[in-house]
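Below, each chain spelled out in residue letters.
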Amino acid sequence: MTSRLWGPAPPPRIRGLSTGTSLAVHRAERAGGSWYLHPGATDWALRRYREFLSPPGRRPLYPREAPCSCPGCSFDDVRHARDVLDEILRELPVRARAELLRLLRPLDTTFRRRTLPDPFTHRRHWRTEFWWYRRLADPLEGP
Ligand SMILES: [Zn+2]
């Protein structure tokens, strides 16, 4: 396989996923069809999600808005990473989806445990249909 983006070698396996599922992910990413998906987006999203959850201890964590909405900076907001994972789940064939879900479930559990529910969710409109947007966030400090 030769590709402009990856060179002659197939992309490396995504940490925590089988070779087959990693390939299914890359295939879905390359098929595009979503603003959230581009080659490497899932791997990036998983790294970002783990990184957000990595501080030891029990103090709450607060998602923070990204200062810029370009595809790179968007990952500063961990909720964007979760958006990407949600999007790739929709695109994957059944077995690959099940495997990614198994990887994601404990991360989601930790996210729920380390973040606080936002009591004012009903006053907001931005993507609040997704549970990961219904947690207390650290708003970007204004100028
Ligand atoms: Zn940017």
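Note that the structure is predicted; figures quoted are calculated from it, not measured.

So, on to the packing of aromatic side chains. Per the stated rule, a full pass over the model turns up 7 aromatic pairs. Ring plane angle 40 degrees and centroid distance 5.8 Å describe the contact between Phe 52 and Phe 111, whose orientation is recorded as tilted. One end of the pair, Phe 52, is in helix α2 (residues 41–53); the other, Phe 111, is in helix α4 (residues 94–114), with 59 residues separating them in the sequence. Considered together, Phe 52 and Phe 111 belong to a single accessibility category, that of buried residues. Each ring, one from Phe 130 and one from Trp 132, has its centre 5.1 Å from the other, and the planes form 35 degrees; the classification is tilted. For Phe 130, a relative accessible area of 14% corresponds to the buried category. A cation over an aromatic ring shows up here: Arg 82 above the ring of Trp 132, its NZ or CZ 4.3 Å from the ring centre. Above the face of the Trp 131 ring, Arg 112 is positioned so that its terminal group lies 3.9 Å from the ring centre.

Moving on: the pattern of salt bridges. A full pass over the atoms with the stated rule returns 7 salt bridges. For Asp 43, the salt bridge is made with Arg 47, and the minimal N-O distance between the two is 3.0 Å. Here Asp 43 pairs with Arg 47, and both are found in helix α2, just 4 residues apart, close to one helical turn. The exposure class assigned to Arg 47 is exposed, which follows from its relative accessible area of 53%. Residue Asp 86 pairs with Arg 90 through a salt bridge whose shortest N-O separation is 2.7 Å. On the criterion of helical spacing, the pair formed by Asp 86 and Arg 90 is a turn pair, its members being 4 residues apart in helix α3 (residues 78–91).

The subject of this paragraph is the confidence of the model for the protein chain. Confidence in the prediction for the protein chain averages 88 pLDDT; 90% of positions are at 70 or higher. At the low end of the mean pLDDT range in the protein chain sits helix α1 (residues 19–31), at 94; at the high end sits α4, at 97.

Attention shifts here to the nonpolar core. Leu 46, Tyr 49, Leu 92, Leu 100 and Phe 111 are the most contacted members of the largest nonpolar core, which has 32 residues in total. Of all the secondary structure elements, the ones that give two or more residues to this core are α1, α2, α3 and α4. Among all residues touching Leu 46, those that are not within four sequence positions of it are Ile 14, Leu 85, Leu 100, Leu 103, Leu 104 and Leu 107.

Thresholds applied
Residues numbered from 1 in each chain as written. Predicted model: local features only at pLDDT ≥ 70, side-chain atom pairs only at ≥ 80, totals over all residues. Heavy atoms only, no water. Phe/Tyr/Trp six-rings, centres within 6.5 Å; stacked < 30°, edge-to-face > 60°. Helix = DSSP H or I, 4+ residues; strand = E, 2+ residues; numbered from the N terminus. Buried < 20%, exposed > 50% of the residue type's maximum accessible area, 1.4 Å probe, protein only. Lys NZ or Arg CZ within 6 Å of the ring centre and 35° of its normal. Salt bridge = Lys/Arg side-chain N within 4 Å of Asp/Glu carboxyl O. pLDDT = per-residue confidence, 0-100. Core = buried A, V, L, I, M, F, W, Y, C linked by side-chain atoms within 4.5 Å. Contact = heavy atoms within 4.5 Å.

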